Amino acid sequence: MIRLFIEYLLFQFLRLIILALPLMRAQRLGVKLADFAFVVLTKRRGIAIENLQQAFPDKTQNELKQIARNAFRNLGISICEFLWFPKLTPNILKKIVEHKNIDLMIDKHKSGGGVIMLSGHFGNWELIALASAYVCKIPFTIIVKAQKNKLVDKVINRNRTIFGNKVVTMEDSVREILSTLKKGGIVAMVADQSAPKESVFVPFFGREVSTFQGPAIFALRSGAPVQMGIIIRKPDFTYDVIIEEINTSDISEYNDANVLELTKRHTAVLEKYIRLYPDHWMWTHRRWKNVK
C-alpha cells in the first residue's frame, strides 16, 4: 500500500510539472525523459532491440538501435502529451490534429449501426481516441486495461474522458461492447499486445503470434464494421489521423474461420503502418511471447 501511494505521489509530481509547461515544452521534456529512460532501463531497451531484430532482420544494429531510441521518444512524448490533456481546448486540438478522412467513420455511424474503432500502441493512441471522438461529435466507449494503482488509474481515466468519452475496463467490457454497438455507438480498443495461448495465431512480421480475437468476434456477432485508426506524429509535434476500413464483405458470418480471417486482416493493416513508421510503435512489450 505504501509503495502504491509513493508511486501515486511521483506520478502527481510529474503531472503537475507537465501541466505547468506550454505544450511544446512538455513534448520536448518527453524527449529528454525518454533519452534518459533509454539509457537506464536496460531491460526494456534490450526487449525493444530484440523485437526489432526479429521484425527487421535486414537492418543494421545501428539502425535498429536508432529506431528503438526513437520509439522510446515516441512513448515519452505521448506520456507527456497525455498528462497535459486537462489543458487541451478545442482550438488547440484542431491545431495539433488533422483528420485526413474522418468522414469514413462518420458515414458508417450515420448508417445506423455501431462501429468498432481499432488502433494499436502506435503514435499517441490516447490522443486519437480523444480527438476523433471530439471531431465526430460522437463519444467513444473506450475499452481499457485497469491499472494496478487505483489512484493513478482514476487520474488516467479522468484524462481519457475530458471531452465526453466513456471508459470501460476489459473485465466489464463484453456486455457494454455489445450494448454500445447495438445502439449504434462507437467502441474504441487496441488489440496489438500479446494474447494468451488460447487465442488465435495470425501472421505478424513473419511469425504466427497469439492475438486477441475479441474485436473480430464482436464485429461478426454484431455486424459492425471494423476500422483502423492510425495517428502519425510529424516533426513539428502535430499529427495526421488516417482511418482505414477492414474489408468484411466476404466474411460476414460469425464462425471460427471468419474470426481468424478478420483478425489476420486488421493485424496486417497495423503491421503495414508499423513498417512505414517503425519508431511509432511500442517495441518494449514482449509481443512475440506466444508464437507457433
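What comes next concerns the included structure. Going along each chain's sequence as written, the residues are numbered from 1 onward. Since the coordinates come from a predicted model, pLDDT governs what is reported: local features require at least 70, and pairs of side-chain atoms require 80 or more to be given and counted, while whole-chain, interface and lining totals use all residues. Hydrogen atoms and water are omitted, and side-chain values are computed over all heavy atoms in the structure.

## Thoughts on the sheet that holds strand β3 (residues 140–144)
Alright, step 1. Strand order in this open sheet of seven strands is β1-β9-β8-β2-β5-β3-β4, and the pairing throughout is mixed. The sheet is open, and its two borders are formed by β1 (97–99) and β4 (166–169), each paired with just one other strand. When strand polarity is set aside, the average angle formed by the axes of neighbouring strands in this sheet is 30 degrees.
Alright, step 2. By definition, residues are in contact when any of their heavy atoms lie within 4.5 Å. Helix axes use the C-alpha atoms of the stretch in contact, all axes being lines fitted to C-alpha atoms, and the angles between their N-to-C directions lie in the range 0 to 180 degrees. Only DSSP runs of H or I reaching four residues or more are called helices, and only runs of E reaching two or more are called strands; each is numbered from the N terminus. The sheet contacts of helix α4 (residues 61–83) involve β8 (226–233) and β9 (239–245), and relative to β8 the element is tilted by about 100 degrees.
Alright, step 3. The sheet contacts of helix α11 (residues 256–276) involve β2 (115–119), β8 and β9, and relative to β8 the element is tilted by about 15 degrees. The pairing criterion is simple: DSSP has to find at least two bridges between the two strands.

## Thoughts on the packing of aromatic side chains
Alright, step 1. Only Phe, Tyr and Trp rings are paired, with Trp represented by its six-membered ring, and only when their centres lie within 6.5 Å; those with planes under 30 degrees apart are stacked, over 60 edge-to-face, the remainder tilted. Inspection of the entire model under this criterion finds 14 aromatic pairs.
Alright, step 2. Their ring planes at 40 degrees and their centres at 5.2 Å tell us that Tyr134 and Phe163 sit as a pair that is tilted. Placement of Tyr134 in helix α7 (residues 125–136) and of Phe163 in the loop between α8 (150–160) and β4 is noted, with a sequence separation of 29 residues between them.
Alright, step 3. Three or more aromatic residues joined by ring pairs form one cluster here, namely Phe56, Phe204, Phe205, Trp281, Trp283 and Trp288.
Alright, step 4. As a reminder, the over-ring test applies to NZ of lysine and CZ of arginine, requiring each to be within 6 Å of the ring centre and within 35 degrees of the ring normal. Cation over ring: Lys137 sits above Tyr134, and NZ or CZ is 3.6 Å from the ring centre.
Alright, step 5. The ring centre of Phe204 lies 5.4 Å from the NZ or CZ of Arg287, which sits over that ring.

Geometric descriptors of this kind do not, in isolation, establish any biological role.
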